[in-house]
Every structure is written in C-alpha cells, then in structure tokens.
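# Coordinate analysis (summary)
Chain residues, written in single-letter form:
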Amino acid sequence: MVSFDTKSYSKKLLHLISWSHWFTFFNIIAAIALSSYYLFSETPPDTLIGQIYLITTWVSHIAFLTFMSFVLILFPLTIIWPNTRVIRTSGSIIFTFGLLLLILDGFIYSRLGYHLNASSSSQIIGLIKEIAQTNDIFYIVSGMLAIVILGFEFTVSNYAWKHLKQLQKTIFARFVIFILVLAFFFSHLTHIWADANLDYDVLRQDTVLPLSYPATAKTLLTKYGLFDINDYIERKASPLSFSRTIPDYPQLTDQQCSTATATTQSVFLILTDEQLNKHQLQQVERRVSVASYQLNNHVDTALLDDTWFNLFYSLPSIYQEDILAQQTKPLLFQAIEQQNLASSYTLISKEVDDENSNTLWFSDLFNEKIKLNDISPLVFADKLNSKKPGLHLIYFKSSPRENEQNSEKNNNSRYQFELFVDALMLAQQQKTDKDIIWISSLGNQSNDTRLGVKPTLLIAPNKINNDAKTLSLLTSHMDLQPTLMTNWLSCHVESKSYSNGADLLTLNKDRVIANTSAEGLMIFNKDKSVFIDQNGNFESYSSQLAAPITVNKDFPLMIDGVHFIKQFSLQAEQNK
C-alpha cells in the first residue's frame, strides 16, 4: 500500500514538473515577444557586433529571467504542494503578474530612462498618476490587459496539460533551447570583450533590459549626450558638454505678454554672497504683511560666476557658453523692454577692484548700473519708493578680508545687508501697490557648500492668501524667471520653452533638480544630493542630516538629473 502511494505521488509530481517545463517554455516565448518593446526605446547600434549582441542578449536574458521565475517560485511550490489545480492556477497567476510587470517596466523605461526600482518609486508613481489623470480609460485598459494575459495563461496551461505526451515527443523545443543557451554564452563573452576594449556600441546597451549589467556613470552620461564618445573611449577627464549643438534661445513675441495695462509694481532682488540662514529670513518674514513663501529647500549649486547664468536664464550651467554666444537676452528682460519697464543693478561693496565689476556680462542686461560703498543713499523710504516700476537688483558683495575673519561683528557686508532689508520692509509698508521681493544668497564661495540647500524668501503680494507659507519642495534660482514672467508681467509662455524652472506659486509636486560644474554633475531630490565627478565617482549628502553619507550608486537618480539638464534642449527640438 505504501509502495503504491509512493509511485502515485511520484508519477503525479513528475507529470506536474514536466507540465511546468512546457508551461514555462511558452511563457519564455511570450516574454521575448512582449519585451521587444525595449528594442524600440533605444537607437539601434551602429556596428554589426553591436547589433548581434543586442539580439542575443535580448532573447537570452529575457528567457533567463522567465526561467528563473519558474526555478525560484513555481518549482518549489510544486514540490511543497503537488496539487494539480493549485499548481496550474498558481502558475497562471504568477506568470500573469510577471508579464504585466514586464510591460510596466518597459513603459517606465521608455518614459523615464530606467527600470522599476525602489529609489525612484515617487517618480514612477507620479508618472502613473499623471497618465491616469490625463487618460480616463487608463485603468480600464490596464484591467483588460490583465484579463487578456490571464486568459492566455489559462489557455497555455490547459493546452500543455492536455497535450503533454505529444509535446514530449516533439524536438523543435530542443533547437530553441539550444539557440537560447548559445545566445546566452555569446552575449556574455561579447560583453567581456567589449568591456576590455571599451566598445561603447556594446556597453551602452547595459541598461536596456531589466536586471542586466550594472552600467557606469561615464557610460550613461555618454549615452545621454553629456560626454563625447571619443572622449569616452580615450577616458579623458574633460568637462561635461553636449555632444550636439544646443538650440537657439527663444525670442519673445508681442502676443505672449499682456501689455494692455502697464504694471506699477516693481521687483526687488536682494542678493548676497554670504550664506543666509532660516533665522535671518524668519525675522524678515515677521515684518511682512503680504503673502510670503519661505523656500527651505532651495538649491544653489554653482560657484559665483555660473550662478548668475542660472538666475537670469533659468538654465543649468552647461548651456552658459553657447547661450551667451547667441547674444539673446533672457525672456524676462525681453519682456521688461517690451513693456518699457526700468531695470537697475546696484552693487554694494567696499572693494576698489569692484569698480570694474559692471563689465560682467549680466550687467549689460540692466539700463542703470550703480556702484556704492554702503547703503546710506538707499535706506530712505522715499528713495526706495520713488524707483520706477521695473526690476531692481541690489547685490551685496563681501570683501575677501571679511571672509577670512568670518566674524559677525566685523562682517560689514552682512550688517549692511540686514540693515537694507529692514529699510526696504519699512518702505513697503507705505506703499499701496506693494512690490515683489526675492531675498537669497547667491552662489558658493567654495565647493564645500554646493550639495547643501539654502533658505530663500519670496514675498509675493496681491495674492488671496496673505499668510506666510513654507515651501518644503525643492526650488532653485532657475524658478525665479518663470515665476516673474507669469505673476508679474502676465506673460503666458510655457516655462519649458525657455527655462528648466517652474512657477513657484503653483508648484505642487516633488521633482529632481540638477546642475553642472567644471568638475561634474550635481543632482538633488527631496532626501539627498549627489555629486558625480568626471570619472563616475559618487559623493552623496543627506538633506535631513546635513552631512555627507555613504550610499550605493543611484543611477536612476542620475538619469533623472540628466533628463532635467536636457529638458530645455529636448523641448526646443520638439517645438521645431
């Protein structure tokens, strides 16, 4: 009796295992067919070896992933619980989930440039929500797709079970398995050769398929056009630059801004090269009677020479050389000229060498340029309130001597800055039509502070809600121009067409912000910032701990940063 039961159990188990092999085989074919979507998400390889590698690694890698799903999930379940109905139903559900996950991963890769991962879950969920909101039938289509795939699984399961003996007699599957195994070894040997010989046409395919080879930062930056391919091969450490010519900076048309009623409101940009703190801005905020926005997670990554470009053009530093060569003014200044508004740049500094600072490229954007040793001519309310409506920049530059001493009492620039802000707040109380005011530090005097966030204060009157608001989302200097274009000059221009920034008064979702420097790429999300140097080394900084941290290389975050950097150039290409 025991012998009979043992034989019956063994026969049932062998029958189930044989069925599961064929069931997995059909799912391998289905997975390969569905994963062909990945191939159309990338430009095809240029060389023959790259094209052969693409095909072999595609079919073998997807087959391997599908087979491992059987080995790790379905096979142990068959051993533990060899019940026909349970195993066939479980197998259909498991592979349905796997194929749906493959389709979702392919879609995410085509839109974001990376596969499903935990570190970018907020971006992935945000993308799905955005698509669901813009397409009412998204969930219906997703449900129907799940039903179709589940129906396919039950059909294949039933066919393999009823025709198992006929399938076991066929030999075509052996040839398919032999080809897949051969492709598996060929693709791995080819990748080893490509890695040794720096064959970029092969190595750039490392991120195409899910759970494939870990790519390097240099390979990904070259793939997204921030390194030249020849430079990649030679392993030089040249600065980041676009491998393609960037588009022309746009010109403002008469129809894009409302000029029916001239604004009587001014914008004051109060900037200092000293690093401000939250306490300083909170003191200013207490004296404000209109809407104010404290930007606690403000990003300013550049050294002083580059941050002026980030502020006025609202673009990452990598665009600076080419955009300035075009000699086209920022859209904000084009609109100021179109509406006949004033513009002034006032430099507060005791340094004699700064007499020639007005020759800096951005000073030519302003109609009036003033150099003062102190703020005494500016602290009177009638003087401040008599300025013509327009954009007025007051920049406080500390002397090298003050930076070396680093003393609160002796730091004349900081004292002058705080005194002027107090005078401006008092002057605003006398005005009916109050002005927009932006108070922030500008740039980094060294690389030590580039990965930290700096507080900034935006005072925006004439809003329904006059309460102070703390904006915890990431912001940057690149957001200033879009904010002023919309809320001050009533210019209805899509911000992506001329900047990488956003309107701060309507900002309501998390985002990744990135910038470039001569040394590499800096990327920020809500939790941390990352610096990637020329050799692909990662340096991370925690926003919550305000200290460096050690983390694994976060390639999805890097790809999000690259997408941010390329936002302007891609948008301009699409608008052609």
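Within any chain, residue numbers begin from 1 and follow the written order of that chain's sequence. Per-residue local features are limited, in this predicted model, to residues with pLDDT of at least 70; the limit for side-chain atom pairs, both in listing and counting, is 80 or more; totals at the level of whole chains, interfaces and linings are taken over all residues. Side-chain figures throughout are based on the complete set of non-hydrogen atoms in the structure, without hydrogens or water.

What makes a nonpolar core is a set of buried Ala, Val, Leu, Ile, Met, Phe, Trp, Tyr and Cys residues whose side-chain atoms join them at distances within 4.5 Å. Relative accessible area decides the class of each residue, using a 1.4 Å probe on protein chains only: under 20% of the type maximum gives buried, over 50% gives exposed, and in between gives partly exposed. Of all hydrophobic cores here, the largest spans 86 residues; its most connected members are Met 485 and Trp 488. At seven residues, helix α20 (residues 555–565) tops the list of elements feeding residues into this core. Two residues qualify as a contact provided that any one of their heavy atoms is within 4.5 Å of a heavy atom in the partner residue. Among residues more than four places away in sequence, those in contact with Met 485 are Leu 252, Leu 331, Leu 332, Ala 335, Ser 490, Cys 491, Val 493 and Tyr 498. The way it works is that DSSP assigns letters per residue, a run of H or I at least four long becomes a helix, a run of E at least two long becomes a strand, and they are numbered from the N terminus.

Turning next to the state of the cysteines. Pairs of cysteine sulfur atoms within 2.5 Å are what we label disulfides. Applying the stated rule across the entire model yields one disulfide. The disulfide that involves Cys 257 links it to Cys 491, with 1.8 Å between the sulfurs. Across the S-S bond of Cys 257 and Cys 491 the torsion is about 110 degrees, and the bridge reads as right-handed. Of this pair, Cys 257 sits in the loop between α11 (229–234) and β1 (267–272) while Cys 491 is found in the loop between α19 (480–487) and β10 (513–516), placing the two residues 234 residues apart along the sequence. Using a relative accessible area of 6% as the deciding quantity, one classes Cys 257 as buried. Using a relative accessible area of 0% as the deciding quantity, one classes Cys 491 as buried.

Further remarks concern a nonpolar patch on the surface. For patch detection, residues must exceed 30% relative accessible area and be free of salt bridges, and they are connected within 9 Å for like charges or within 5 Å for nonpolar side chains (Val, Leu, Ile, Met, Phe, Trp, Tyr). In short, Shrake-Rupley with a 1.4 Å probe defines the accessible areas, and a residue's cover is counted only from the protein chains shown. In the sections that follow, a salt bridge refers to a side-chain nitrogen of Lys or Arg positioned within 4 Å of a carboxyl oxygen of Asp or Glu. A contiguous nonpolar surface patch, about 500 Å² in accessible area, is contributed by Ile 177, Val 181, Phe 185, Leu 189 and Ile 192. Looking at the secondary structure, you find Ile 192 in helix α8 (residues 172–197).

Right, let's get into the pairing of strand β7 (residues 453–459). Burial runs high along β7: six of the seven residues are buried. Pairing between strands requires that DSSP locate at least two bridges from one strand to the other. With six bridges joining them, strand β2 (residues 292–299) and β7 adopt antiparallel strand pairing. Along β7, the bridge assignment pairs Val 299 with Val 453.

In this structure, the second largest pocket occupies an estimated 890 Å³ of space. For the second largest pocket, the lining is made up of 38 residues, of which Leu 65, Asp 105, His 115, Pro 210 and Leu 211 are closest to its centre. Within the residue set of the lining of the second largest pocket, elements represented by two or more residues are α1 (2–34), α3 (48–80), α4 (84–112) and α20. Polarity classes work like this: nonpolar for Ala, Val, Leu, Ile, Met, Phe, Trp, Tyr, Cys and Pro, charged for Asp, Glu, Lys and Arg, and polar for all others, with Gly in that last group. When grouped by side-chain class, the residues that make up the lining of the second largest pocket number 26 nonpolar, ten polar and two charged. Definitions used for this entry: grid spacing 1 Å over protein atoms alone; cavity, a set of points where a 1.4 Å probe fits but cannot get out; pocket, an open set with protein on both sides within 12 Å along at least 5 of 7 lines; lining residue, one with an atom within 4 Å of a point. Grid points are joined across faces, edges and corners, and a volume is the space filled by probe spheres set on the points.

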